Amino acid sequence: MIIIPSGKPKIWDKSPDIGSISANQAYTGTFHKLCQAYAKEFDSDYLILSPYYGFLKPDDFISETYDVRFTLKGVNQNTIQLAELKKQWQQLNRPETTLTILGGKKFQALLREIVGPTLLLNFPLAEAGGIGIMQKFLKDAVATKTELPIIKK
């Protein structure tokens, strides 16, 4: 299973009256779209992690935009809370032993807190540096059909 971040740009930025839309269409940023393409190429079973809604399946419908972000410390007063994220994860009842998380360093501690100590977490973009480098890695991986290396955290 792959977990991808939602991203700031959303469809409502350009089409404010569009109404409810599936999560896989709501997030329009370059990084999100590259993460989505990577997830579809290497493991069609993916979730979107939103700091507002929490874990979303690609076909879950969401009805409104938001402008909140996870921080290096994880959640804050404006985001979904850690207890709710843990509850959502447990309700998903996933059998995975390994999760691949496409995102930067701010997701490492947060995901570990959510899923607990037993799952192996793979952060293949953890050492990539900035967003431009992460995007290049994702674009190259999809173009060459070569999975990113495993970086356990």
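Residues numbered from 1 in each chain as written. Predicted model: local features only at pLDDT ≥ 70, side-chain atom pairs only at ≥ 80, totals over all residues. Heavy atoms only, no water.

In this structure, the largest pocket encloses a volume near 420 Å³. Listing elements by their share of the lining of the largest pocket, those giving two or more residues are helix 2 (30-42), helix 4 (106-115) and helix 5 (131-144). A breakdown of the residues in the lining of the largest pocket according to their chemical character gives 11 nonpolar, seven polar and five charged. Roughly 170 Å³ of volume is contained in the second largest pocket. What lines the second largest pocket is a set of 13 residues, among which I2, T100, N122, E147 and I150 lie closest to the centre. Of all the secondary-structure elements, those providing two or more residues to the lining of the second largest pocket are helix 2, strand 6 (98-101) and strand 7 (120-122). Along the lines of polarity and charge, the residues of the lining of the second largest pocket split into eight nonpolar, three polar and two charged. (1 Å grid on protein atoms, 1.4 Å probe; cavity = no way out; pocket = protein on both sides within 12 Å on 5 of 7 lines; lining within 4 Å. Points joined across faces, edges and corners; volume = space filled by probe spheres on them. Helix = DSSP H or I, 4+ residues; strand = E, 2+ residues; numbered from the N terminus. Nonpolar A, V, L, I, M, F, W, Y, C, P; charged D, E, K, R; others polar.)

This part is about the packing of helix 2 against helix 5. At a minimum axis separation of 9 Å, helix 2 and helix 5 run at an interaxial angle of 30°. Accordingly, the angle class assigned to the pair helix 2 and helix 5 is roughly parallel. Where helix 2 crosses over helix 5, the handedness of that crossing is left-handed. Counting all contacts with helix 2, which are made through T30, F31, L34, C35, A37, Y38 and F42, the residues of helix 5 involved are I131, M134, Q135, L138, K139, A141 and V142. Its residues assigned to classes, the contact of helix 2 with helix 5 shows 11 nonpolar, two polar and one charged. (Axes fitted to C-alpha atoms, helices over the stretch in contact; angles between N-to-C directions. Parallel < 35°, antiparallel > 145°, perpendicular 65-115°, else oblique. Left-handed = near helix turned anticlockwise from the far one by under 90°. Contact = heavy atoms within 4.5 Å.)

Here we come to the pattern of salt bridges. Enumeration according to the criterion identifies five salt bridges in this entry. With its nearest N and O atoms 3.5 Å apart, the salt bridge here joins K145 to E41. Of this pair, K145 sits in the segment after helix 5 while E41 sits in helix 2, placing them 104 residues apart in sequence. Taking the relative accessible area as the measure of exposure, E41 reaches 32% and is therefore partly exposed. A salt bridge links R94 to D45, with the nearest nitrogen and oxygen atoms 2.2 Å apart. Of this pair, R94 sits in the loop between helix 3 (82-92) and strand 6 while D45 sits in the loop between helix 2 and strand 3 (46-50), placing them 49 residues apart in sequence. Taken together, the shared-partner salt bridges in this structure form one network comprising D45, R94 and E96. (Salt bridge = Lys/Arg side-chain N within 4 Å of Asp/Glu carboxyl O. Buried < 20%, exposed > 50% of the residue type's maximum accessible area, 1.4 Å probe, protein only.)

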